[in-house]
Amino acid sequence: MKNKKCVLSCLIILLTGVIYFSGQAQQKNDKYRANFSGEWQSKESISMGGNIVCSYDLGDRMLSTTMKIAERADYLTIEIPYTSPGAGLTKSREKLTFDGKVIHFNQGKERGKKFTVNYSADGQTMTINSIVNLMVPNPNNANVQEQALVYVKEVWKLSNGGKSIIVQTNAKSEILGAERSWETVFDKTN
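Residues numbered from 1 in each chain as written. Predicted model: local features only at pLDDT ≥ 70, side-chain atom pairs only at ≥ 80, totals over all residues. Heavy atoms only, no water.

Draft legend 1. A look at the overall build of the chain. From N to C terminus, the chain includes one helix and 10 strands. When its helices and strands are written in sequence order, the chain yields α-β-β-β-β-β-β-β-β-β-β. Within the chain, the proportion of its 190 residues that are buried is 35%. Of the contacts made within the chain by residues no fewer than 6 positions apart, 41% connect residues no fewer than 24 positions apart. Of the accessible surface of the chain, which amounts to about 11800 Å², a share of 54% is contributed by carbon and sulfur atoms. (Helix = DSSP H or I, 4+ residues; strand = E, 2+ residues; numbered from the N terminus. Buried < 20%, exposed > 50% of the residue type's maximum accessible area, 1.4 Å probe, protein only. Contact = heavy atoms within 4.5 Å. Areas by Shrake-Rupley, 256 points an atom, 1.4 Å probe, with all protein chains shown as cover.)

This is how it looks when you write it as structure tokens:
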């Protein structure tokens, strides 16, 4: 009788372990997330594809046709080269965290942007929602600057077996009263 209890207890423990580890393995497969790491090149920048200005600032990833992306568990960094007056060729780095918290970039007097970054539930697309604050000339008086907000939504998805990133962008400009959608394709160069 004592042996039967011992065998039954061992079987219950063994069965519990098998069920637990099977569940853990299944969760990891369901949580596969697209990885955007690598060096990427496009024919045009994300900003210019829709003919709506999303940034005037040098070093902003929206203006670059080249990106070097390094992805980690909770964030990714995008490094871009750009030419700065007086400094020559330099690099800018932007850190995008996946926690959904608002990230602020102050780019000078009454200029900048704030954005959030999230992965889709299936982990296959990354969405960046930005509000870009620009100062632009008043249409009636070019000497007077006024604030212009541009609302930008970028949806990033890997395609072509991970050899391309497709960025589907939608931007709405209050000052222009326009809304545009466009697609930018970055091809992997390494």
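Draft legend 2. Structural view of the pattern of salt bridges. Enumeration over the complete set of coordinates arrives at six salt bridges. Among the salt bridges present, the one from Glu-94 reaches Arg-61, with a minimum N-O distance of 3.0 Å. Residue Glu-94 is found in strand β4 (residues 88-97), and its partner Arg-61 is found in the loop between β1 (38-41) and β2 (66-71); the two are separated by 33 residues along the sequence. Between Glu-79 and Lys-91 there is a salt bridge; the shortest N-O distance is 3.6 Å. With Glu-79 in strand β3 (residues 75-84) and Lys-91 in strand β4, this residue pair connects regions lying 12 residues apart in the sequence. Shared partners join several salt bridges into a network, and the residues in it are Arg-61, Glu-94, Lys-113 and Glu-154. (Salt bridge = Lys/Arg side-chain N within 4 Å of Asp/Glu carboxyl O.)

Draft legend 3. Structural view of the pairing of strand β9 (residues 164-173). Strand direction decides the pairing type here: strand β8 (residues 145-159) and β9, joined by 10 bridges, are antiparallel. Looking at the pairing, Glu-154 lines up with Thr-169 of β9. Taking the residues that link successive antiparallel strands as the turn, the β8-β9 hairpin has four residues, and the phi of Asn-160 there is positive, at about 55°. The pairing of β9 with strand β10 (residues 178-188) spans 10 bridges and is classified as antiparallel. Residue Asn-170 lies in a different strand from β10, and its bridge partner there is Ser-181. (Pairing = 2+ DSSP bridges.)

Draft legend 4. Summary view of the environment of Ser-47. Within the secondary structure, Ser-47 sits in the loop between β1 and β2. Among the residues examined, Ser-47 registers a relative accessible area of 0% and is labelled buried. Note: C-alpha distance between Ser-47 and Asp-60 (13 residues apart in sequence) is 9.6 Å.

Draft legend 5. Focus on unusual backbone geometry. In this model, Asn-160 sits at a positive phi of 55°, which is unusual for a non-glycine residue. Tracing the sequence through the fold places Asn-160 in the loop between β8 and β9. With a relative accessible area of 54%, Asn-160 lands in the exposed category.

Draft legend 6. Expanded view of the environment of His-104. As for its placement among the helices and strands, His-104 is situated in strand β5 (residues 103-106). The spacing of His-104 and Ser-130 is 26 residues in sequence and 9.7 Å in space, taken between C-alpha atoms. Excluding its chain neighbours within four sequence positions, the residues that come into contact with His-104 are Lys-113 and Lys-114.

Draft legend 7. Local environment of the confidence of the model for the chain. Summarising the model, the chain shows a mean pLDDT of 80, and 75% of its residues fall at 70 or more. Mean pLDDT per element in the chain: helix α1 (residues 2-30) is the minimum at 55, and β1 is the maximum at 96. Note on residues 25-30: pLDDT under 50 across the span, and zero contacts to partners over four residues away in sequence or across chains. (pLDDT = per-residue confidence, 0-100.)

Draft legend 8. Main features of the packing of aromatic side chains. Applying the stated criterion across every chain yields a total of three aromatic pairs. Where Phe-36 meets Tyr-119, the ring centres are 6.3 Å apart and the plane angle is 25°; that geometry is what we call stacked. Separated by 83 residues along the polypeptide, Phe-36 in the loop between α1 and β1 and Tyr-119 in strand β6 (residues 112-119) bring together distant segments of the chain. Just as Phe-36 is buried, Tyr-119 falls in that class too. For the pair Phe-98 and Tyr-119, a centre-to-centre distance of 4.9 Å together with 70° between the ring planes defines the contact as edge-to-face. Highlighted residues: Phe-98 in the loop between β4 and β5 and Tyr-119 in strand β6, separated in sequence by 21 residues. (Phe/Tyr/Trp six-rings, centres within 6.5 Å; stacked < 30°, edge-to-face > 60°.)

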